[in-house]
Amino acid sequence: MAVVGSLNLDLTALVSRAPEDGETVLGRSLSTHPGGKGANQAIGAVRVAATAIVGAVGRDDAADVLRAAQQSAGIDTRHLTALDAETGRAIVVLAEDGSNRIIVIGGANRRLDRDHVTEALDDLDPVVVLTQLEVPSAVTSATAEWVRAHRRRLVLNPSPTIPVGAEILQLADPLVVNEHEAAYYAATEPGTDIDAVVGRLLQRVPAVVVTRGGDDVVIGTKGGVEHIPVPAVTVVDTTGAGDHFAGTLAALLGTGVSLRDAVVRAGADSAKLVATRREDR
């Protein structure tokens, strides 16, 4: 499979709690880690199936770190292009309860172009393509166009939340979103019953998977809506858990696993991830 997406070097500050507006809090530690939604998803996927990353980095030390991390995980990096731009960065504020706040500076990710992506997918010819929205909209469109033309499967994780054209959404099989993203793309009010939200989404996409933190995962298909329980764990760090879930899910679908079984297995893997700190993974 292939992941078309972002790579960032994360700067993570561990704090007892996230600061309120205008407040200063003392941090416990500061560390750097390879990250980015695309990179995280590829690492989740490669544990299941052969995976390639299609993306962009700069020509700096951060790029070396990110490329090495992908390669050490066994990911095909032949289509990870180096551009004359700063490698993407993310600033992560991680609270002791496992919650986080993240600011992303796109850098080279924002200069990834559609021609590079199309050529990469032509070369790789993946059965499943997973993408998110930390890359330019033209790249997302090119990815969807390639999937449509080659009759492949698109798994779309539309995050961060920005408008996505109907021609792209109608290919999302499934659309993988959290509750906030689900409400945004369904154009429903906060607090709307999740089954109703999923019903609205199914008017636009073939299938949808809604993650709900420590609660169940909701699957919506033309056959109906189902709630899948997730294992109960003590949350330590949620950073990258949603990405890991999406990557694992997409890879399992590419091997022929049913959507329901893929959700169950991806949910169990993600639960293990949030129970460990990043430096212990």
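Please refer to the structure placed before this passage.
Conventions and cut-offs
Residues numbered from 1 in each chain as written. Predicted model: local features only at pLDDT ≥ 70, side-chain atom pairs only at ≥ 80, totals over all residues. Heavy atoms only, no water. Helix = DSSP H or I, 4+ residues; strand = E, 2+ residues; numbered from the N terminus. Buried < 20%, exposed > 50% of the residue type's maximum accessible area, 1.4 Å probe, protein only. Contact = heavy atoms within 4.5 Å. Phe/Tyr/Trp six-rings, centres within 6.5 Å; stacked < 30°, edge-to-face > 60°. Pairing = 2+ DSSP bridges. Axes fitted to C-alpha atoms, helices over the stretch in contact; angles between N-to-C directions.

Visitor: Quick question: what am I supposed to make of the environment of L156 here?
Guide: Looking at where L156 falls in the secondary structure, it is placed in strand β9 (residues 153–156). When its relative accessible area of 0% is taken as the criterion, L156 is described as buried. Separated by 20 residues in sequence, L156 and V176 have C-alpha atoms that sit 6.1 Å apart. Apart from the residues within four sequence positions on either side, L156 is in contact with T131, V164, I168, L169, A172, P174, L175 and V176.

Visitor: I keep staring at the packing of aromatic side chains and nothing clicks. Help me out?
Guide: The geometry of an aromatic ring pair is captured by the separation of the ring centres together with the interplanar angle, meaning the angle of the planes. Following the criterion strictly, the structure yields one aromatic pair and no others. Their ring planes at 85° and their centres at 4.8 Å tell us that Y184 and Y185 sit as a pair that is edge-to-face. When its relative accessible area of 4% is taken as the criterion, Y185 is described as buried.

Visitor: Would you mind showing me how to read the sheet that holds strand β11 (residues 208–211) here?
Guide: Within a beta sheet, neighbouring strands are joined by backbone hydrogen bonds and run either parallel or antiparallel to one another. Judged by pairing direction, the sheet is mixed, and its nine strands sit side by side in the order β5-β4-β1-β8-β9-β10-β11-β12-β13 without closing on themselves. This sheet does not close on itself; its edge strands, each paired only once, are β5 (80–82) and β13 (224–228). Going across the sheet, the axis of each strand differs from the next one's by a mean of 20°, ignoring polarity. Both strand β1 (residues 2–4) and strand β8 (residues 128–131) contribute to a ladder of three bridges, which runs parallel.

Visitor: It is not clear to me how the pairing of strand β2 (residues 8–15) should be interpreted in this structure. Could you clarify?
Guide: The side chains of a regular strand alternate, first on one face of the sheet and then on the other. Within β2, six of the eight residues are buried, leaving the element largely enclosed by the surrounding structure. Bridge analysis of β2 against strand β3 (residues 27–35) gives eight bridges, and the strand direction is antiparallel. Directly across from A13, in β3, lies its bridge partner L30. Across eight bridges, β2 lies against strand β6 (residues 88–95) in parallel orientation. When the bridges of β6 are listed, V15 appears paired with A95.

Visitor: When you look at unusual backbone geometry in this model, what are you seeing that I'm missing?
Guide: For residues that are not glycine, phi is negative in most cases, and the peptide bond is trans in most cases. Omega for the bond connecting S159 with P160 falls within 30 degrees of zero, at 0°, which places this linkage in the cis form. Tracing the sequence through the fold places P160 in the loop between β9 and α5 (166–169). Phi at D125 takes a positive value of approximately 50°, unusual for a residue other than glycine. Mapped onto the fold, D125 is located in the loop between α3 (114–124) and β8. A residue is classified by how much of its surface remains accessible, and D125, at 37% relative accessible area, is partly exposed. For A187, which is not glycine, the phi torsion reads 55° and is therefore positive.

Shape descriptors only; they carry no functional weight alone.
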